[in-house]
Amino acid sequence: MPSYVITGVSKGLGWEFLTQLSSDPNNIVIGIVRNKPATDKRVAEELAGRRNITILAADLTNYNSLKTAASDAGAVTGGKLDYLIANAGSVSQYDAYDDIGTLGTQDPEKFTKQFHEILDTNVVGQVHLYNLFMPQILAGDVKKVILISSGMGDIEITKDLDLAVAPIYATSKAAANMITAKFSAQYKKDGVLFLSICPGMVEVGHFNQMSPEQAEKLPEMIAKFQRYNPHFKGPITPPESIKAVLSLVERSSVENGDGGDYMSHFGTRRWI
Ligand SMILES: NC(=O)c1ccc[n+]([C@@H]2O[C@H](COP(=O)([O-])OP(=O)(O)OC[C@H]3O[C@@H](n4cnc5c(N)ncnc54)[C@H](OP(=O)(O)O)[C@@H]3O)[C@@H](O)[C@H]2O)c1
């Protein structure tokens, strides 16, 4: 029975991973969330009867909570984990529509605080997550660790589109790609695939959280994406995105030379 641990299954793409993977009763699916009672309730209401789901509590910024979750997951899987999907992340609204020059000067203290918080979650937290689950991954049969990254972390698209928005989020994803590549460099010899995948631009409600000032900046960003891909029609749905990501996870391997790579849900460096 393939086993999966997925972080951030409370909502958005994590919930979609949980839904799709647990639809196969042969899969053992463990979701890690910050608010366990709320997710237990949602599972009971929307995925009732799926006995292959276990929800555990942990925060990426709290090492001891991650350590406990890893130990509890091991008790469910018998200490052998096939797939770790590092999906949870801080999708910052703070910097989503602004450039680094403005944010860094208008309130430098706030900027510094936000930068540390986002990096703690999106970078340092992933390092601890990977290390804590490594013994179980090494004991597993499949040995795949997937970071849900973002095309925003790509220097090429930033340069080509002069994409000044989301400077902290983009930096955190670029750094997370690098730590994923470093883990690949260390563990490829043991047969472990570490891979960073961008799920595409997906509608999960982030645009509903925009302030009126932020909404004014959205058309410029959309125009840039349309310049990048003239067929771009807007965000895709979570089911479309996660189906593509899971298919890519299945066909990627150390043997194919995918270890440490960074790619979109298309399996390329085209992001939308
Ligand atoms: N949606 C997109 O278009 C898109 C595009 C590219 C990449 N991504 C990536 O896809 C992943 C999922 O994003 P999403 O769009 O589904 O966003 P989302 O709806 O905001 O979900 C983020 C998830 O991460 C969890 N999380 C945040 N901080 C955490 C922490 N410190 N410890 C543990 N869990 C934490 C959240 O838990 P709570 O419920 O407790 O807040 C939530 O479950 C992220 O890594 C994001 O960067 C998304």
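In the annotation of an unreviewed UniProt entry, the entry for the protein reads Short chain dehydrogenase, and the organism field reads Lophiotrema nucula.

1. Remarks on the sheet that holds strand β4 (residues 83–86)
Within a sheet, adjacent strands bond to each other through the backbone by hydrogen bonds, running parallel or antiparallel. Ordered by their spatial adjacency, 7 strands build an open sheet running β3-β2-β1-β4-β5-β6-β7, and the pairing between neighbours is parallel. For this open sheet the edge positions go to β3 (53–57) and β7 (262–264), each flanked by a neighbour on one side alone. Across the sheet, the mean angle separating the axes of adjacent strands is 20° when strand polarity is ignored. As paired elements, strand β2 (residues 28–33) and β3 share 5 bridges and run parallel to each other. What sits directly across from Val33, in β3, is Ala57. Packing against the sheet, helix α7 (residues 167–187) makes contact with β5 (144–148), β6 (193–198) and β7, and its axis sits at approximately 160° to β6. Where helix α9 (residues 238–251) meets the sheet, its contacts fall on β1 (3–7), β4, β5, β6 and β7, and the angle it forms with β5 comes to roughly 145°.

2. Digging into the site of the ligand
Residues in close proximity to the ligand total 25 residues, the closest being Ser10, Arg34, Asn87, Tyr169 and Val202. Taking Ser10, its side chain carries an N or O atom lying 2.6 Å from an oxygen atom of the ligand. Between an oxygen atom of the ligand and a side-chain N or O atom of Lys11, the distance comes to 3.4 Å. Here the ligand has 900 Å² of accessible area as a free molecule, and 89% of this is covered by the chains.

3. A short note on the packing of aromatic side chains
All told, the structure shown has 9 aromatic pairs when counted by the stated rule. With a centroid separation of 4.3 Å and an interplanar angle of 5°, the aromatic rings of Tyr4 and Tyr83 are classed as stacked. Of this pair, Tyr4 sits in strand β1 while Tyr83 is found in strand β4, placing the two residues 79 residues apart along the sequence. For the pair Tyr4 and Tyr83, a shared accessibility class is recorded, and that class is buried. Seen from their ring centres, Tyr130 and Phe183 are 5.0 Å apart, and the 90° between their planes marks the pair as edge-to-face. With Tyr130 in helix α5 (residues 108–139) and Phe183 in helix α7, the pair connects residues that are 53 residues apart, well separated along the chain. We classify Phe183 as buried; its relative accessible area is 7%. One aromatic cluster in this structure is built from Tyr130, Phe183, Tyr187 and Phe194.

4. Section: the packing of helix α3 (residues 63–77) against α5
At a minimum axis separation of 10 Å, α3 and α5 run at an interaxial angle of 30°. In terms of their interaxial angle, α3 and α5 are classed as roughly parallel. Pair α3 / α5 crosses with right-handed handedness. Contacts from Tyr63, Leu66, Lys67, Ala69, Ala70, Ala73, Gly74 and Thr77 of α3 reach α5 at Gly125, His128, Leu129, Leu132, Phe133 and Gln136. When grouped by side-chain class, the residues that make up the contact of α3 with α5 number 8 nonpolar, 5 polar and 1 charged.

5. Digging into the side chain of Ser3
Within the secondary structure, Ser3 is located in strand β1. Those residues in contact with Ser3, other than ones at most four positions away along the chain, are Ile28, Thr77, Lys80, Leu81, Asp82 and Tyr83.

6. Let's talk about the environment of Lys188
In this fold, Lys188 is placed in the loop between α7 and β6. A relative accessible area of 40% places Lys188 in the partly exposed class. The spatial distance from the C-alpha of Lys188 to the C-alpha of Gly260 is 8.6 Å, given a sequence separation of 72 residues.

7. A few points about the pattern of salt bridges
This structure, assessed with the given rule, holds 11 salt bridges. A salt bridge links Glu46 to Arg42; the nearest nitrogen and oxygen atoms lie 3.1 Å apart. Of this pair, Glu46 and Arg42 both sit in helix α2 (residues 36–46), 4 residues apart, which is roughly one turn of the helix. Glu220 is the salt-bridge partner of Lys224, the closest N and O atoms lying 3.9 Å from each other. Note that Lys224 and Glu220 are positioned in helix α8 (residues 212–228) at a spacing of 4 residues, about one turn of the helix. Three or more residues are tied together by salt bridges with common partners; here these are Glu156, Lys159 and Asp160.

The rules behind each value
Residues numbered from 1 in each chain as written. Predicted model: local features only at pLDDT ≥ 70, side-chain atom pairs only at ≥ 80, totals over all residues. Heavy atoms only, no water. Pairing = 2+ DSSP bridges. Helix = DSSP H or I, 4+ residues; strand = E, 2+ residues; numbered from the N terminus. Axes fitted to C-alpha atoms, helices over the stretch in contact; angles between N-to-C directions. Contact = heavy atoms within 4.5 Å. Near = heavy atom within 4 Å. Polar contact = N/O pair within 3.5 Å; in protein donor to acceptor, adjacent residues only side chain to side chain. Areas by Shrake-Rupley, 256 points an atom, 1.4 Å probe, with all protein chains shown as cover. Phe/Tyr/Trp six-rings, centres within 6.5 Å; stacked < 30°, edge-to-face > 60°. Buried < 20%, exposed > 50% of the residue type's maximum accessible area, 1.4 Å probe, protein only. Parallel < 35°, antiparallel > 145°, perpendicular 65-115°, else oblique. Left-handed = near helix turned anticlockwise from the far one by under 90°. Nonpolar A, V, L, I, M, F, W, Y, C, P; charged D, E, K, R; others polar. Salt bridge = Lys/Arg side-chain N within 4 Å of Asp/Glu carboxyl O.

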